[in-house]
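Geometric and topological summary
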Amino acid sequence: MSDPHPARSTTRPGEKLAASPADRRSLFQKLVEFVSPGPDSRDELIETLADAENRELIAPESRMMLEGVIRMADMIAGDVMVAAPRMDQLDIDAAYDELLHVVIETGHSRFPVYEGDKHNVIGILMAKDLLKLQRSPDLNLRTLLRPAVFVPESKGLNELLRDFRSNRNHLAIVIDEFGSTAGLITIEDVLEEIVGEIEDEFDDADGESGIYTLADGAQRVAGDASIEAVNAVFAVALPSDEFDTIGGLVAHELGRVPRRGESTTVGGLVFSVMLTRGGAVRWFKVTRAPEPEPGLEEA
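In this numbering scheme, every chain counts its residues from 1 along its sequence in written order. Two thresholds apply to this predicted model, a pLDDT of at least 70 for residue-level local features and 80 or more for giving and counting side-chain atom pairs, whereas whole-chain, interface and lining totals are computed over all residues. The side-chain values count all of the structure's non-hydrogen atoms but skip hydrogen atoms and water molecules.

With that out of the way, let us pick up the nonpolar core. Within the largest apolar cluster, 22 residues are counted, with the highest numbers of intra-cluster contacts made by Val221, Val230, Leu238, Ile246, Phe271 and Phe284. Looking at this core, the elements with two or more residues in it are strand E8 (211-213), strand E9 (219-222), helix H9 (227-234), helix H10 (246-254), strand E11 (269-277) and strand E12 (280-288). Residues contacting Val230, with those up to four places away along its chain left out, are Ile211, Val221, Ala235, Val236, Leu238, Ile246 and Leu269. Among the nonpolar cores identified, the runner-up in size contains 17 residues, and Met75, Leu160, Ala172 and Ile185 belong to it. Here, nonpolar core refers to any group of buried Ala, Val, Leu, Ile, Met, Phe, Trp, Tyr and Cys residues whose side-chain atoms link them within 4.5 Å. Whether a residue is buried, partly exposed or exposed follows from its accessible area with a 1.4 Å probe, protein chains only, as a fraction of its type maximum: under 20%, in between, or over 50%, in that order. What counts as a helix is a DSSP run of H or I of at least four residues, what counts as a strand is a run of E of at least two, and both are numbered from the N terminus. We call two residues in contact whenever any of their non-hydrogen atoms come within 4.5 Å of each other.

Moving on, we get to the side chain of Ser272. Summarising the element assignment, Ser272 is placed in strand E11. Judged by relative accessible area, which is 12%, Ser272 ranks as buried. There is a polar contact of 2.7 Å between the side chain of Ser272 and the side chain of Ser263. Leaving out residues up to four positions away in the same chain, Ser272 has contacts with Arg86, Glu262, Ser263, Trp283, Phe284 and Lys285. Polar contacts, as used here, are pairs of N or O atoms within 3.5 Å; protein pairs need one atom able to donate a hydrogen and one able to accept it. Residues neighboring in sequence count only if both atoms are side-chain atoms.

What follows covers the pattern of salt bridges. By definition here, a salt bridge exists when the distance from a side-chain nitrogen of Lys or Arg to a carboxyl oxygen of Asp or Glu is within 4 Å. Scanning all chains against the criterion turns up 7 salt bridges. The partner of Arg256 in a salt bridge is Glu262, and the shortest N-O contact between them spans 2.8 Å. By relative accessible area, Arg256 is classed as partly exposed at 40%. Residue Glu262 is classed as partly exposed on the basis of its relative accessible area, which comes to 25%.

Function cannot be inferred from these measures alone, as they are strictly geometric.
What follows is the structure in C-alpha cells.
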C-alpha cells in the first residue's frame, strides 16, 4: 500500500532537488576519473607532475618540491646520513684551542662529542657554547653538552622530520643494527631532500668549474663538474667520450651511484663522496691516489 500521508516536498515549483554532499562528491569523483584517470603508481604521479609543469600549471620549483616529498616517503636515515668516517666530532678531553680549531675549520653549529672511542658519543655541543668556556676556562665542558638523540638507520625520513619538529632537535646520531655509530643526520639533510640544497654562509657559491681547494690541499669537486675541468686541474686524462660530468663517470666506473662516505679510485684519483642529493653526488673530495711502491709495482 502507498503511504496515505506522503511527506510534503519542500521544493518550490521550478526548483531542482539538491543532491546530498555525498552524492555530489561521488558524482564529481566519477566525472574526474572519467575525464582524467588518476595515476596508479608513484612513477605515474611523478610523470603527472612533470606534465603539469610542461603545461605551466605549476612552477618548476613547485614540481621539484612535490617530487621531493613523494620520493622521500621511501627514504630512510641511512640514505642521506653523513657516514661515521666523515663525521666531524669533538673529543671531550681535547684542549680548548683544539676544539676551537675544529669548529672554525668545519663551520658547523653542532658537534657530536665522544669520549675515548669515536663511536662512544656522549652528547652534542653547540658551537656558540664554546664562548662560555672562553669566558670561564674553569667551566666543565660536560656541563655544556646537550643530550644526543639516537635513531636507527632504518628510520623513515618522514617520521624523522616529524620527530625533529616536535622535539626541537636539529641533529641525530644514526646507529646500525649492532648499536654502533653509523653516521649522523640533521634536519637540514632531510629538508634538502624536498627543497634542494640549502646554501649558507659557509657554502661557496658555485663557480664555473665547480672545483675548490680545501684547507688540507685536496679539492672539493662538484658532481656536475665537467670531466675536462677535472683533467685540467689534476693534469690527468680521464675519458670524456661517453660522459660529460665527473659524477657520471665515477658512477659508471663503480657500477652504481656511490653513497656518502664511500671512496673509489678512477684514473689515479681518489673520489670520496662528501654529499649526495636526489640520487646523485653533489660534492666529491678528490685527492691523488698514492703511487705504488716500486717493489709492489714490479710484482
